[in-house]
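Close look at the chain arrangement
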Amino acid sequence: MDANSLLAKPWLPGVELFHADFSGQAFGRHSHDAFAIGAIVHGVGGYQCRGQRYALPAGTLSLMNPEEPHTGHAESERVVYRMLYIEESRLPTLLGRKRLPEGFRELNPADDGQVAMRLARLADAFERSDALGLESELLGLLEQVFVRHGGLREARPARRDSGVTAALRDYLEAHYAEAVSLERLAGLVQRHPRHLIEAFRRAYGVPPHTYLLQRRVREAKRRLLQGQALAEVALELGFYDQAHFNGVFRRFTGVTPGRFRTLAQG
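Remember, it's a predicted structure, so these values are computed and weren't measured experimentally.

Parameters at a glance
- Residues numbered from 1 in each chain as written.
- Predicted model: local features only at pLDDT ≥ 70, side-chain atom pairs only at ≥ 80, totals over all residues.
- Heavy atoms only, no water.
- Helix = DSSP H or I, 4+ residues; strand = E, 2+ residues; numbered from the N terminus.
- Contact = heavy atoms within 4.5 Å.
- Areas by Shrake-Rupley, 256 points an atom, 1.4 Å probe, with all protein chains shown as cover.
- Lys, Arg positive; Asp, Glu negative; His and termini not counted.
- Charge placed at Lys NZ, Arg CZ, Asp CG, Glu CD.
- Core = buried A, V, L, I, M, F, W, Y, C linked by side-chain atoms within 4.5 Å.
- Buried < 20%, exposed > 50% of the residue type's maximum accessible area, 1.4 Å probe, protein only.
- Phe/Tyr/Trp six-rings, centres within 6.5 Å; stacked < 30°, edge-to-face > 60°.
- Lys NZ or Arg CZ within 6 Å of the ring centre and 35° of its normal.
- Salt bridge = Lys/Arg side-chain N within 4 Å of Asp/Glu carboxyl O.

The next subject is the overall build of the protein. Across its full length, the protein carries ten helices and nine strands. Structurally, the protein occupies a C-alpha span of about 65 × 45 × 30 Å along its principal axes. Long-range pairs, those at least 24 residues apart, make up 70% of the contacts in the protein with a sequence separation of at least 6. Working note: accessible area of the protein is about 13,400 Å², and carbon and sulfur atoms make up 48% of it. With 35 positive and 31 negative side-chain charges, the protein shows a spacing of 8 Å between the two charge centroids.

This is the structure:
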């Protein structure tokens, strides 16, 4: 059994997401030129590192520093985990910090589910090629993991936005059906992405990506009430596919687009 995949985007260099689902496969002694941030989803994974042998059950994390030699194998019949690889050279740009993390001291700390959940959302964003969602999830994950486990201090509150968030909201209102990246939004208002997300959430209660999805759902309801086909609405409003449209619509309204239209016509 082998259902492994390695996800990467050309516009997001130095970042890869490995989804492992295997039985019997073993990884010989090796290292990565990147920080590794992983969560065991199912079964028990294992490796040898720092002179010890470790068994990692579901619910624990796997954290490694660049160039740290280790092996890898499945302790159980089947093991499933997600692992984010992030090159150290990318951290200054992504974290927006002058002082970088010290590195991970503990290899497999227990997880309260937050990191695993963020990795799952990151995987969804990778699959959908959703730039704004992917970049937003990535920044949130890195901030959380390096503050909790990498010696990074919590970020100071963002400074006053001087109208920046209002300008960003106006941009999202005007371009809600387009593919938007966090990098582009930050460039438009000359703010680091992390500061931008914090300021926007403080001003409007949700991050830019959530606001954009809410705007698309609002427009979707208007078009569905006018009789436009479900597939056309999904395509024209920038959803990855019909399933993505259904999931997002239900997330914000409690019903699927089809159910919404049926009830409106009844």
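Before going further, it helps to examine the nonpolar core. In globular proteins that are soluble, nonpolar side chains generally tend to be buried together. One finds Ile37, Leu84, Leu142 and Phe146 to be the most contacted residues of the largest nonpolar core, which totals 58 residues. Looking at this core, the element that brings in the most residues is helix H3 (residues 131-149), giving eight residues. For Leu142, the contacting residues outside a window of four places in its chain are Ile37, Leu84, Ile86, Leu91, Leu94 and Leu95. Phe18, Cys49, Tyr81 and Met83 belong to the second-largest nonpolar core, a separate cluster that totals 17 residues.

Once that is clear, we can look at the packing of aromatic side chains. Evaluated as defined, the whole model comprises 13 aromatic pairs. Taking 6.0 Å as the distance between ring centres and 70 degrees as the angle between the ring planes, the aromatic pair formed by Phe18 and Tyr81 counts as edge-to-face. Here Tyr81 lies in strand S9 (residues 79-86) and Phe18 lies in strand S2 (residues 15-22), a separation of 63 residues in the sequence. On the basis of relative accessibility, which here comes to 13%, the residue Tyr81 falls in the buried class. Measuring from ring centre to ring centre gives 5.7 Å for Phe22 and Phe27, while their planes differ by 80 degrees; the resulting arrangement is edge-to-face. On the accessibility criterion, Phe27 (24% relative accessible area) is partly exposed. Members of the aromatic cluster, each reached through a chain of ring pairs, are Phe18, Phe22, Phe27 and Tyr81. Across the ring face of Tyr176, the terminal group of Arg215 is positioned such that the distance to the ring centre comes to 4.1 Å.

So, about the pattern of salt bridges. Within this structure, the stated rule accounts for 16 salt bridges. Two residues, Glu143 and Arg97, come together in a salt bridge whose shortest N-O distance is 2.4 Å. Placement of Glu143 in helix H3 and of Arg97 in the loop between helix H1 (91-95) and helix H2 (114-128) is noted, with a sequence separation of 46 residues between them. Arg97 matches Glu143 in its accessibility class, with the two residues each being buried. Here Arg194 ties to Glu198 by a salt bridge, and the two come within 3.5 Å at their closest N and O atoms. In this pair, Arg194 and Glu198 are both assigned in helix H6 (residues 193-204), four residues apart and thus about one turn of the helix distant. Given the relative accessible area of 8%, Arg194 is considered buried. What you see here is one network of salt bridges that share partners, running through Glu173, Arg215, Arg218, Glu219, Arg222, Arg223 and Glu236.

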